[in-house]
Amino acid sequence: MNKNLTLTGMMGVGKSTIGKAVSKELSMQFIDIDKIIENKLKLTVQKIFEKKGEPFFREIEEKVTIEEIKKKNRIISLGGGAFMNAKIKDYVILNTKSFWLHIDINLLEKRLVNSKKRPLLNNKNIRIDLERIYKERKTTYSLANHKIDCNNLTTNLIAKKIIALYEND
C-alpha cells in the first residue's frame, strides 16, 4: 500500500480543491486538517485564533495532523502554517509523500484580497503580510518531497502532475 499523500503550501494556494481532485482519481479519502479542527471545536479557524490564540490552535493542529497521518489511504491538506511545526514536518517527511503547492504572490493576493477568514492576514496590507509569511515559510516548504508550480495550471493538470509523481515515486 502506498504512503499517504500530503499537500502543503500557502493559504489560498488550492490545497483543498486540488486534494479533493486527487482523492477522486486515486480513490483515497480526502482530509482537510483545518476542517477537522473546526468541526472538533465547533469554531472557525478565524474564531479559534481570536478566542484561544495561535499557540492553542497550533497545539491542536499538531495532535490532529499526526493522528490523521497515522491512518491509511489518506490525502491530507495541511493548514498553511502546519509544515512550520518541526514535529509535523518531520512526521510528514518520514511517513507520507509530500507536495508543496506553489503559486506566484500576485496570484495569491488576487485570490485572498477579499477573504475575511484568514487570521494571519491584515486586510489593509495583504500584500505585505503574504510576502512576509511566504519569506518565513518557503525554505521549510521546500523540504517537501516535490514542488508543484501551480501558476497558470488548471486543477486537473495539477492533480495529474501530483498523481504521476505519487505513483512513480
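Everything below is about the structure printed above this text.
On a predicted model such as this, the values are computed, not experimentally measured, just so you know. (Residues numbered from 1 in each chain as written. Predicted model: local features only at pLDDT ≥ 70, side-chain atom pairs only at ≥ 80, totals over all residues. Heavy atoms only, no water.)

## Structural notes on the nonpolar core
The nonpolar side chains of a soluble globular protein tend to be buried with one another.
Piece 1. Among the nonpolar cores identified, the biggest contains 47 residues, and Leu5, Val22, Leu26, Ile75, Leu101 and Ile162 are the most heavily contacted of them.
Piece 2. If sequence neighbours within four positions are ignored, isoleucine 75 has contacts with Leu5, Leu7, Gly19, Val22, Ser23, Leu26, Met28, Gln29, Phe30 and Ile31. (Core = buried A, V, L, I, M, F, W, Y, C linked by side-chain atoms within 4.5 Å. Buried < 20%, exposed > 50% of the residue type's maximum accessible area, 1.4 Å probe, protein only. Contact = heavy atoms within 4.5 Å.)

## Some details on the packing of helix α4 (residues 54-70) against helix α5 (residues 86-95)
Piece 1. One can describe the packing of α4 onto α5 by two numbers: an axis separation of 10 Å at closest approach and a directional angle of 10°. For the element pair α4 / α5, the angle class is roughly parallel. Judged by residue contacts, Glu61, Glu62, Thr65, Ile66, Ile69 and Lys70 of α4 engage Lys87, Ile88, Tyr91, Val92 and Asn95 from α5.
Piece 2. Class assignment of the residues belonging to the contact of α4 with α5 gives a composition of five nonpolar, two polar and four charged. (Axes fitted to C-alpha atoms, helices over the stretch in contact; angles between N-to-C directions. Helix = DSSP H or I, 4+ residues; strand = E, 2+ residues; numbered from the N terminus. Parallel < 35°, antiparallel > 145°, perpendicular 65-115°, else oblique. Nonpolar A, V, L, I, M, F, W, Y, C, P; charged D, E, K, R; others polar.)

## Here we look at helix α8 (residues 155-168)
Piece 1. When the terminal C-alpha atoms of α8 are compared, their 20 Å separation across 14 residues agrees well with the 20 Å that a helix rising 1.5 Å per residue should span.
Piece 2. Where α8 is concerned, the buried positions are Ile158, Ala159, Ile162, Ile163 and Tyr166. Buried residues in α8, looked at end-on, bunch into an arc of 135°, giving them a common side. Opposite its buried face, α8 presents the exposed residues Asn156, Lys160 and Asn168, each directed more than 90 degrees away.
Piece 3. At its buried positions, α8 is contacted by β1 (4-9), α1 (15-26), β4 (96-102) and β5 (146-149). (Expected span 1.5 Å × (residues − 1). Arc of directions from axis to C-beta.)

## Focus: the packing of aromatic side chains
Piece 1. Using the criterion set out here, one finds two aromatic pairs in the structure.
Piece 2. The interplanar angle of 45° and the centroid separation of 5.1 Å between the aromatic rings of phenylalanine 49 and phenylalanine 57 together place this pair among those described as tilted.
Piece 3. The exposure class of phenylalanine 49 is buried, given its relative accessible area of 13%.
Piece 4. The buried category is assigned to phenylalanine 57, whose relative accessible area is 2%.
Piece 5. When the ring of tryptophan 100 is compared with that of tyrosine 141, the centres are 5.8 Å apart and the planes differ by 40°; the resulting orientation is tilted. (Phe/Tyr/Trp six-rings, centres within 6.5 Å; stacked < 30°, edge-to-face > 60°.)

None of this, on its own, says anything about what the molecule does.
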